[in-house]
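# Chains, contacts and geometry: an overview
Spelled out from the first residue to the last, the chains are:
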Amino acid sequence: MSKQVYPVNQLRVFINTINDLSADILLQEALDDFNTKLYREKIEEALIERDEEKFNTYTKLLREITEDEE
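A short tour of the structure in this document, coming up. If you're wondering where the values come from, they're calculated on a predicted model, not measured in any experiment. Throughout, a residue's number is its position along its own chain's written sequence, starting from 1. In keeping with the predicted nature of the model, local features appear solely for residues at pLDDT of at least 70, side-chain atom pairs appear and are counted solely at 80 or more, and the whole-chain, interface and lining totals rest on all residues. For side-chain calculations, the full set of non-hydrogen atoms in the structure is used, while hydrogens and water are omitted.

A run of H or I in DSSP counts as a helix once it spans at least four residues, and a run of E counts as a strand once it spans at least two, with each numbered from the N terminus. Each helix and strand counted, the protein has two helices and zero strands in total. Residue-level accessible areas treat just the shown protein chains as cover; the underlying method is Shrake-Rupley with a 1.4 Å probe. Carbon and sulfur atoms provide 55% of the accessible area of the protein, an area that totals close to 6,500 Å².

Quick look at the structure:
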């Protein structure tokens with residue numbers, strides 16, 4: 001069995017790609033957490049104001065985020 005040897009440039013490209021993907025995942029998780037908190041606050045406000053349109057809008061947005069996590 002011979003071990004496959006990658007040129008240094010290919011290895012750097014691979015590592016940079018992995019780093020970029022990791023950063024993208026972290027950023028998306030941070031945005032989802034922020035938006036989840038925001039939408040829950042907006043839903044509470046809509047309930048207090050008895051604003052059905054706002055409630056439906058933010059509930060739909062919150063569902064989209066939570067469905068992506070499943």
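Back to the text.
Further remarks concern the environment of Asn 56. Take Asn 56: it is sitting in helix α2 (residues 52-69). Exposed residues in this analysis have more than 50% of their type's maximum accessible area, buried residues have under 20%, and partly exposed residues fall in between, with area computed by a 1.4 Å probe over protein chains only. Classification of Asn 56 as partly exposed rests on a relative accessible area of 42%. Distance from Asn 56 to Ile 43, taken between C-alpha atoms, is 8.3 Å for residues 13 residues apart in sequence.

Moving on, we get to the pattern of salt bridges. Definition used for salt bridges: Asp or Glu carboxyl oxygen within 4 Å of a side-chain nitrogen of Lys or Arg. Here the structure, examined in full by the defined rule, presents two salt bridges. The partner of Lys 42 in a salt bridge is Glu 45, with the nearest N and O atoms 3.9 Å apart. In this pair, Lys 42 and Glu 45 are both assigned in helix α1 (residues 8-49), three residues apart and thus about one turn of the helix distant. The closest approach of N and O atoms between Glu 49 and Lys 54, which form a salt bridge, is 3.1 Å. Overall, the relative accessible area of 46% leaves Glu 49 in the partly exposed class. Here Lys 54 falls in the partly exposed class, since its relative accessible area comes to 27%.

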